[in-house]
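Here are the chains, one letter per residue:
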Amino acid sequence: MSTLKALYDYYNQSDDMPLYGWQQKKIEFLIVIDKNGNLISIDSTRTDKTHVKSFTIRKEAEKNGHIVPYLFADNVEYILGYTENEERKEKIRLKNESFINRCREVSEKYPDNAGFKAVTLFYDNNGIQKVFEHPLWEEIKKSACTLSFRLQSEYKIVAESKELENEVLPGKDEVTGIDLVTGKTGPLNWASTKIRLAGTGASGASLVSCGRELLLGSWGYEGGYNAPIMKSTENAFSQAFMKLAGRGSHNCITINGNQTYLFWSSKQDKISKEAEIGLYGLLGGYKKDNADYNIEKVQEMFKSIYSGIIKTTDEDRFYFLGTNLKTGRIPIMYWNDCSLKEFAGQIYKHLSDMELQGATDGYVNYRGIEQLLYAIKKPENKKHEINPKPEKSKGKASFDKDVAFISQKLFKAIVSGCKYPSLLYRRCLNRIENDCETTFTRTAILKGTLIRNFNQKNIKVMLNEENENPGYLCGRLFSVYVKEAVKENPKSKMSEMYFRAAMCYPAKTLTKLEVLSGYHEKKLGEGSTVYFTKIKCGIIAKLSDNKFPERLNDMEKSEFCVGYYQQREWFFTPKEEKNMKAAEEDDNEDQEQAE
């Protein structure tokens, strides 16, 4: 199914979006007047610096550079005739005059409407000058905001009056044709609707846009007639897009400030809604401490859908759309249409690939995309970078460019099941090598990449003592040396000093650490010495000819990091904590006997 058809169907299934001919419009200030047109006050609809109340008003033709006054709701130039540009004063005067004349025409047509009449009386009573004298005027003139009118005795604004349903200025002469999206015949849309969301700017952006000039058309057509879409259809998919991408939506997530991803299901039943909310949380939409979001339940839900416990059909579809709102147009950078069962299977597979036991974090099996990207972020101070590359510009420009690419590929890998981006994997290895430490999130990235990209099925959620890969064994052994050193001296910095060397040149480094281990064992009791020696011997015995590899390639370095992390967490499991405590008791008994 096409993108526009999916959005069109979503609009028709929703019962909380404006009907055709109406739109949701953010209006920052309301001029409150009485029935005689006297200014009572000016109300701001802003709840904070970024949130503004929306009202359902008539949708009219785009201005497109022409003087087109809207019905009782417009900008400062039309409603108040104000501008600071001396060269534009004549044009602004004409805009204000056209707005007032249109208000009078509508008021004369509906004489029983007190709101319409009050607006015309407002201009007769020199209301514009009174607005200029109001305390909020300084704030109004500094912002490119939309204003409207409200009667003191009414809750709704004047622009929401039902009488305005048929009062829309005509655009170009209507042309009838076959709609590309629905196949129906009806009046075609010539100028695209401007979608105004956070990031699109005051002028907005279009989903479908064609050049207005005949020169840019084809076969004698101009404007929107090059891609024939009915007005009602264009309104439907535009309204659907604005709802999905609007503020507070749980069907939208923005990554790195400019990559926006929308997702929705073809049906509005309970299971489909839970799938949408579950994906929103998995992508990092919810905060870490959100009590209403339980990732274990979400994982179980996706597993149930995929396994067939929760029944679905091929008609239950799930859609994904990737775009960038910070452009003049809204480009469709990614589109995927799959069944709900297939979607659930891909999400469950991703959760399984990234699942990792972390005793220090609790049993956590996923981090959102933002957390995965943050784990590979370059540090601000690059003094300790390995062979740092010079950058032409300051700041995060080069990294942001990489993140934009990685986020697109990572989102695609999560929802379609393809390989994780190699740049994510290599950047993660680079960060670990520079920081001389791995974390839960970085280890989860490496584990998922090893399983999905390199088909390493012996990498498990927890420590796998049967895994005989050299890199994995070297990581485990290094973790034991570090634990032994910390046991002897809690302030030991062996991990920071030797992590990079052990990761790159295990033969030379681990041989040296084996010698240091002998010194540590002399200071530990017999119980702890036996405990650590048993673990080390079990690991070394699995190496080929009991020899350490001279160097490790990238895949083996990843195995090293996973082995190191899982061995480190293994020491925190209840069983091993009990064994270590027993070894400490043996040490204490030996010390008492010696005394």
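Everything that follows concerns the structure shown earlier in this document.
Let us look at the structure shown here.

Quick notes on the rules
Residues numbered from 1 in each chain as written. Predicted model: local features only at pLDDT ≥ 70, side-chain atom pairs only at ≥ 80, totals over all residues. Heavy atoms only, no water. Pairing = 2+ DSSP bridges. Helix = DSSP H or I, 4+ residues; strand = E, 2+ residues; numbered from the N terminus. Axes fitted to C-alpha atoms, helices over the stretch in contact; angles between N-to-C directions. Contact = heavy atoms within 4.5 Å. Core = buried A, V, L, I, M, F, W, Y, C linked by side-chain atoms within 4.5 Å. Buried < 20%, exposed > 50% of the residue type's maximum accessible area, 1.4 Å probe, protein only. Nonpolar A, V, L, I, M, F, W, Y, C, P; charged D, E, K, R; others polar.

### Here's the deal with the sheet that holds strand β2 (residues 29–33)
Argument step 1. Ordered by their spatial adjacency, four strands build an open sheet running β3-β2-β6-β5, and the pairing between neighbours is mixed. Of all the strands in the sheet, just β3 (39–44) and β5 (73–75) have a single pairing partner and so form its edges. Taken over all neighbouring pairs, the strand axes of this sheet differ in orientation by 30° on average, direction set aside.
Argument step 2. One ladder, built from three bridges, connects β5 with strand β6 (residues 146–151); its direction is antiparallel. When the sheet's bridge partners are listed, D74 is paired in β6 with L147.
Argument step 3. Along the sheet, helix α4 (residues 114–124) contacts β2 and β6; its crossing angle with β6, the most-contacted strand, is approximately 115°.

### A few points about the nonpolar core
Argument step 1. With 84 residues, the main nonpolar core has F320, F343 and F478 as its most contacted residues.
Argument step 2. Of the residues forming this core, the biggest block, nine residues, is contributed by helix α15 (residues 470–488).
Argument step 3. F320 has contacts with L262, F263, L279, Y334, W335, N336, C338, F343, F411 and V415, leaving out every residue within four places of it along the chain.
Argument step 4. Membership of the second largest hydrophobic core comes to 36 residues, among which are F72, L80, F99 and L151.

### Considerations on unusual backbone geometry
With the exception of glycine, the majority of residues adopt a negative phi angle, and the majority of peptide bonds are in the trans configuration.
Argument step 1. Backbone geometry places C436, a non-glycine residue, at a positive phi of 55°.
Argument step 2. Mapping C436 onto the fold places it in the loop between α13 (422–435) and α14 (440–452).
Argument step 3. With relative accessibility at 11%, the residue C436 sits in the buried group.
Argument step 4. Positive phi, close to 55°, is recorded for N455, a residue that is not glycine.
Argument step 5. In this fold, N455 is placed in the loop between α14 and α15.

### Quick word on the packing of helix α16 (residues 494–504) against helix α17 (residues 506–523)
Argument step 1. Relative to each other, α16 and α17 sit at 145°, their axes nearing to 7 Å. Contact residues: α16 offers M494, Y498, A501, A502 and C504, while α17 offers P506, T509, L510, K512, L513, L516 and H520.
Argument step 2. By residue class, the composition of the contact of α16 with α17 is nine nonpolar, two polar and one charged.

### With respect to the sheet that holds strand β10 (residues 259–265)
Argument step 1. An order of β9-β10-β11-β12 is seen for the four strands of this open sheet, with the pairing classed as antiparallel. Taken across any chain shown, the strands that pair with only one partner, and hence form the sheet edges, are β9 (252–255) and β12 (332–339). In this sheet, neighbouring strand axes are inclined to one another by 15° on average, regardless of whether the strands run parallel or antiparallel.
Argument step 2. Relative to β10, β9 is paired through four bridges, and the arrangement is antiparallel. Across the sheet, residue I253 finds its bridge partner in β10, namely Y261.
Argument step 3. Its contacts with the sheet put helix α8 (residues 270–282) on β9, β10 and β11 (317–324), and the angle it makes with β10 is roughly 160°.

### Some remarks on the side chain of S272
Argument step 1. Mapped onto the secondary structure, S272 falls in helix α8.
Argument step 2. Among residues more than four places away in sequence, those in contact with S272 are S265, K267 and L340.

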